[in-house]
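An overview of the molecular structure
Take a look at the letters that make up each chain.
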Amino acid sequence: MALPKRIVKETERLMAEPVPGISAVPHEDNLRYFDVTVEGPSQSPYEGGIFKLELFLPDDYPMTPPKIRFLTKIYHPNIDKLGRICLDVLKSNWSPALQIRTILLSIQALLGAPNPDDPLANDVAQHWKENQNAAIQTAREWTQQYAKPQ
Amino acid sequence: MDSEDEVISVASSEEMMEDQDSDLSMGGDYSDVDLDVDDPDVGFETQDKDIKPKRRPYEVEFNIYGPADIQSHQDQQIDEVSAILGQPPEATAILLRHTRWNKERLIEIYMDKQDTLLEEAGLGKSLAKLPELKKVKGFVCEICCEDGPDLKTFSMKCGHRFCLDCYRQYLAQKIQEEGEAARIKCPGDGCNKIVDSKSLDLLVTEDLKDRYQVLLTRTYVDDKENLKWCPAPNCEYAVDCRVKQRDLNKTVPTVHCTCGHHFCFGCTLNDHQPAPCSLVKKWLKKCEDDSETANWISANTKECPKCHSTIEKNGGCNHMTCRKCKHEFCWMCMGVWSEHGTSWYNCNRFEEKSGSEARDAQAKSRQSLERYLHYYNRYANHEQSAKLDKDIYLKTEKKMTQLQSSSGMSWIEVQFLDAASQALQQCRQTLKWTYAFAYYLARNNLTEIFEDNQKDLELAVENLSEMFEKPTDQLSGLKVEMMDKTAYCTRRRIILLSDTAENLKNGGAHSLRLRPGSFD
Ligand SMILES: [Zn+2]
Ligand SMILES: [Zn+2]
Ligand SMILES: [Zn+2]
Ligand SMILES: [Zn+2]
Ligand SMILES: [Zn+2]
Ligand SMILES: [Zn+2]
């Protein structure tokens, strides 16, 4: 099946004008499947880390949101052990006018502003609420351990 | 369909449209529902179906509505409010849904802060212009990236313009896949504008419009406190009942759907009169938690208390006769049957041990388990017996059909069996719940009256149930007796339910008392 114009345009633009700190490269054999990296925002516990994600555009994209998952282990109250992300724009607030680039920016922003009140990883959120400093320390250690650029 | 005509004649549109909060003056006590308990007619079914029988103390007022009724009720309210607000019907519909169909509140807020309301409801200002499709020069659709001078496009007043194709796909996704209708937003990122029905009509295909209407009707019923869907599978009817959530400790609102299903309007479980919803919930939870302890007791086989041979129960009747030694006993309490029905024998009442026996903690906990098992055993037994009664009726029915052809009895003439079977089912259902209810009752005079009523009903039921075990060739000769017993069962049930409903409603000192902590 031919790739919809929308996906072609989006991909072209991602290549031509990449977002700083973010890369998204489609697989050669499957143009709906992207390898993504997101740099941890400065002044966050994820600073200095480079996080790998996978992104897939389902058949009914952009009527339904892209499927995205962290591949790099990350200690974050809105991201669970399997790397799934709790983010409103990926669920109820998805709009077909949103794009891969806007979604990836939202994810980067989520790293800068964890929200333990809307948790996906309950134990992490609990930790975050009870002892924020210790939780941030753990997040830093995980970043050092798992998200260091090779 | 004539059931629908009937419905419309019973409830005028004003009744349906009466706002939920406008009956505050009634103080929620349903004084208009009160009935004369001394009604000498209590216990006799009205023969004439055209005369609506007087409501009994345990009956509540309700109406059944089909999909067409619900649709027209919505439309009426929309038209009425549309005229008051001076807003077009499609916008009024959005506003009414926004305030969950509370007309008074809507009008009040609208007069007070119109702009904020329109914004919050997803409408925005200036609603005069009709939605239309446009071709726009130099337009590129943000969703599909298509362009071209012939591209049809659409936008609501928010100005987020997309091509018709994308708008269509978007609405199909929302309606078909996500089951949304009342709160579909503009496809624009972060835009809260709600897609109104006029725009929708312009954009989608006929089949989607139908689906959209169905979904809207669903949210209408879900939004209104006085409306509930009948929980029977595939049933399309909704019930309108004015009993409030806060009154559920005082009344048990059983309603009867046109499809034949009887259910509680309060909790939508199957009819559980006379026990109030909260106790039913508690009881079911308890039974679930204690199921292992209780399981052994509801087993289908027991030993004869006299000769200890194994006896299997295969009918609903609890009057057992041992095949071996002919000993007659009660399946529930294993007591001698001949003593049942005498004034001093209590199969249904749990005798609490008093004094020294129940003093130490272990004895107390054993007694509390015994007490629970006493009630659970009877509860489960009536449930089981109702099934067995039904089985035996189905077998009998088959035999009756054979009898019909061999003896020339007419179909009408064997209907007494059907009536008897239905009465048994209904009475056992009630009896079952009297035991769950009694478990939570504290001991006082009224509890004893309750238990006397329970005992009378139980005895009547067992007597009728027993007749089903008679050989088929005797049944036609038992017709009159069976009809009498059926009427008696029904009467006992009405008396029990009426007494209990009165007591619940009255509250205060002269009522049934619950054991401490039962309603928390
Ligand atoms: Zn488009
Ligand atoms: Zn918009
Ligand atoms: Zn029904
Ligand atoms: Zn209920
Ligand atoms: Zn025996
Ligand atoms: Zn007994």
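Here the structure is a predicted model, which means the values were calculated and not measured.

Thoughts on the overall build of chain B
In terms of helices and strands, chain B carries 16 helices and 12 strands. Look at the contacts in chain B between residues 6 or more apart in sequence, and 62% of them connect residues 24 or more apart. Surface accessibility of chain B: about 26500 Å² in total, with carbon and sulfur atoms responsible for 49%.

Some details on the coordination of the zinc ion (ligand 4)
Reference values for coordination geometry: four tetrahedral donors around a metal ideally subtend 109.5 degrees, six octahedral donors ideally subtend 90 or 180 degrees. Residues and elements named next belong to chain B. Within the protein, Cys264 (SG), Cys267 (SG), His272 (NE2) and Cys277 (SG) serve as the donor atoms for the zinc ion (ligand 4), at 2.0 to 2.3 Å. Taken in sequence order, the residues that donate to the zinc ion (ligand 4) follow the motif C-x2-C-x4-H-x4-C. With Cys264 in strand E8 (residues 262-264) and Cys277 in helix H10 (residues 277-289), this pair connects stretches of sequence that are 13 residues apart. Like Cys264, the residue Cys277 is buried in the burial classification.

Considering the interface of chain B and chain A
Quoted interface sizes are often the accessible area lost when the parts come together. Contact with chain B, which involves 15 residues of that partner, is made by 12 residues of chain A. It is Ile143(B), Cys145(B) and Asp189(B) in chain B that bury the most area against chain A; as a group they hold 41% of the surface buried on that side. Counting across the interface, chain B meets chain A through 2 salt bridges. Lys5(A) is paired through a salt bridge with Glu146(B); the nearest N and O atoms lie 3.7 Å apart. Our count for the chain B to chain A interface comes out at 3 residue pairs in polar contact (both at pLDDT 80 or more). In terms of residue count, the dominant contributor to the side of chain B that touches chain A is helix H7 (residues 164-177) of chain B (4 residues).

Regarding the sheet that holds strand E1 (residues 22-26) of chain A
Residues and elements named next belong to chain A. Sheet architecture is open: 4 strands sit in the order E1-E2-E3-E4, paired in antiparallel fashion. Edge strands, defined here as strands with exactly one partner in the open sheet, are E1 and strand E4 (67-70). Averaged over all pairs of adjacent strands, the angle between strand axes in this sheet comes to 20 degrees, irrespective of strand direction. Here 4 bridges tie strand E3 (residues 50-56) to E4, and the two strands are oriented antiparallel to one another. Counterpart to Glu54 in the pairing with E4 is Arg69.

A short note on the confidence of the model for chain B
Low-pLDDT portions of the prediction should not be read for the details of their coordinates. Per-residue confidence for chain B gives a mean pLDDT of 81, with 81% of residues at or over 70. Across residues 1-49 of chain B, where pLDDT falls below 50, the model places 71 contacts with residues more than four positions away in sequence or in other chains.

Things to note about helix H9 (residues 206-223) of chain B
If you check H9(B), its first and last C-alpha atoms are 26 Å apart, about what 18 residues at 1.5 Å a residue would give, namely 26 Å. Among the residues of H9(B), those classed as buried are Leu208(B), Lys209(B), Tyr212(B), Leu215(B), Leu216(B), Thr217(B), Tyr220(B), Val221(B) and Asp223(B).

Regarding the sheet that holds strand E3 (residues 152-154) of chain B
Residue and element names in this part refer to chain B. Ordered in space as E2-E3-E4, the 3 strands form an open sheet in which the pairing is antiparallel. The open sheet has two free edges, formed respectively by strand E2 (134-135) and strand E4 (162-163), since each of these has just one partner strand. As defined by bridge partners, E2 adjoins E3 across 2 bridges and the pair is classed as antiparallel. Within E3, the residue paired with Lys134 across the bridge is Thr153.

What about the side chain of His76(A)?
Residues and elements named next belong to chain A. One can find His76 in the loop between E4 and helix H2 (100-112). His76 sits in the buried class, given a relative accessible area of 0%. Here Asn78 takes part through its backbone nitrogen, which lies 3.0 Å from a polar atom of the side chain of His76. Ignoring sequence-local partners within four residues, the contact set of His76 consists of Tyr46, Leu110, Leu111, Pro114, Ala121, Val124 and Trp128.

Points about the packing of helix H14 (residues 445-467) of chain B against helix H16 (residues 479-506) of chain B
Residues and elements named next belong to chain B. Between H14 and H16, the least distance of the axes is 9 Å, while the angle of their chain directions is 160 degrees. Between H14 and H16, the angle falls in the class roughly antiparallel. The crossing of H14 and H16 is left-handed. Here the contact of H14 with H16 is composed, by residue class, of 13 nonpolar, 6 polar and 6 charged.

With respect to the packing of aromatic side chains
Residue and element names in this part refer to chain B. For the structure on display, the rule yields 23 aromatic pairs over all chains. Ring geometry for Tyr375 against Tyr439: centres 6.0 Å apart, planes inclined by 75 degrees, an arrangement best described as edge-to-face. Highlighted residues: Tyr375 in helix H12 (residues 361-407) and Tyr439 in helix H13 (residues 415-439), separated in sequence by 64 residues. By relative accessible area, which is 13% here, Tyr439 ends up buried. Members of the aromatic cluster, each reached through a chain of ring pairs, are Trp283, Tyr372, Tyr375, Tyr376, Tyr379, Trp433, Tyr435, Tyr439 and Tyr440. The side chain of Lys228 reaches across the aromatic face of Phe265, ending 4.6 Å from its centre.

A short note on the nonpolar core
One finds Phe70(A), Ile85(A) and Ile107(A) to be the most contacted residues of the largest nonpolar core, which totals 38 residues. In terms of residue count, H2(A) provides more of this core than any other element does, 6 residues in total. If sequence neighbours within four positions are ignored, Phe70(A) has contacts with Phe51(A), Lys52(A), Leu53(A), Ile79(A), Leu82(A), Gly83(A), Ile85(A), Ile107(A) and Leu111(A). Core analysis: the second largest hydrophobic core is formed by 29 residues, Phe139(B), Cys163(B), Ile184(B) and Cys191(B) among them.

Here's the deal with the UniProt feature "active site" (unreviewed entry) in chain A
Residue and element names in this part refer to chain A. On the UniProt side, "active site" (unreviewed entry) is annotated at positions that read Cys86 here. Relative to the assigned elements, Cys86 resides in the loop between E4 and H2. Here Cys86 is in contact with Asn78, Lys91, Leu110, Asp118 and Leu120, once residues within four sequence places are set aside.

Here's the deal with the environment of Leu478(B)
You can see Leu478(B) is positioned in the loop between helix H15 (472-475) and H16. Discounting chain neighbours no more than four positions away, the residues touching Leu478(B) are Met467(B) and Lys470(B).

Here's the deal with unusual backbone geometry
Peptide bonds are trans in most cases, and residues, glycine excluded, mostly fall at negative phi. A cis geometry characterises the amide bond from Tyr61(A) onward to Pro62(A), with omega recorded as 10 degrees. Looking at the secondary structure, you find Pro62(A) in the loop between E3 and E4. In this structure, Pro274(B) follows Gln273(B) across a cis peptide bond, with omega equal to 5 degrees. Within the element layout of this structure, Pro274(B) appears in the loop between E8 and H10. The backbone of Trp101(B) shows a phi angle near 65 degrees, a positive value even though the residue is not glycine. Of note in the backbone geometry, Met334(B) takes a positive phi value of approximately 65 degrees without being a glycine. Of note, Met334(B) is situated in the loop between strand E12 (328-330) and H12. A relative accessible area of 26% places Met334(B) in the partly exposed class.

Calculation notes
- Residues numbered from 1 in each chain as written.
- Chains lettered and ligands numbered in written order.
- Predicted model: local features only at pLDDT ≥ 70, side-chain atom pairs only at ≥ 80, totals over all residues.
- Heavy atoms only, no water.
- Helix = DSSP H or I, 4+ residues; strand = E, 2+ residues; numbered from the N terminus.
- Contact = heavy atoms within 4.5 Å.
- Areas by Shrake-Rupley, 256 points an atom, 1.4 Å probe, with all protein chains shown as cover.
- Donors = N, O, S within 2.8 Å, 3.2 Å for Na, K, Ca; no water.
- Buried < 20%, exposed > 50% of the residue type's maximum accessible area, 1.4 Å probe, protein only.
- Buried area = accessible area lost by both parts, 1.4 Å probe.
- Salt bridge = Lys/Arg side-chain N within 4 Å of Asp/Glu carboxyl O.
- Polar contact = N/O pair within 3.5 Å; in protein donor to acceptor, adjacent residues only side chain to side chain.
- Pairing = 2+ DSSP bridges.
- Axes fitted to C-alpha atoms, helices over the stretch in contact; angles between N-to-C directions.
- pLDDT = per-residue confidence, 0-100.
- Expected span 1.5 Å × (residues − 1).
- Parallel < 35°, antiparallel > 145°, perpendicular 65-115°, else oblique.
- Left-handed = near helix turned anticlockwise from the far one by under 90°.
- Nonpolar A, V, L, I, M, F, W, Y, C, P; charged D, E, K, R; others polar.
- Phe/Tyr/Trp six-rings, centres within 6.5 Å; stacked < 30°, edge-to-face > 60°.
- Lys NZ or Arg CZ within 6 Å of the ring centre and 35° of its normal.
- Core = buried A, V, L, I, M, F, W, Y, C linked by side-chain atoms within 4.5 Å.
- UniProt positions renumbered as here; feature names shortened; annotations may be inferred.

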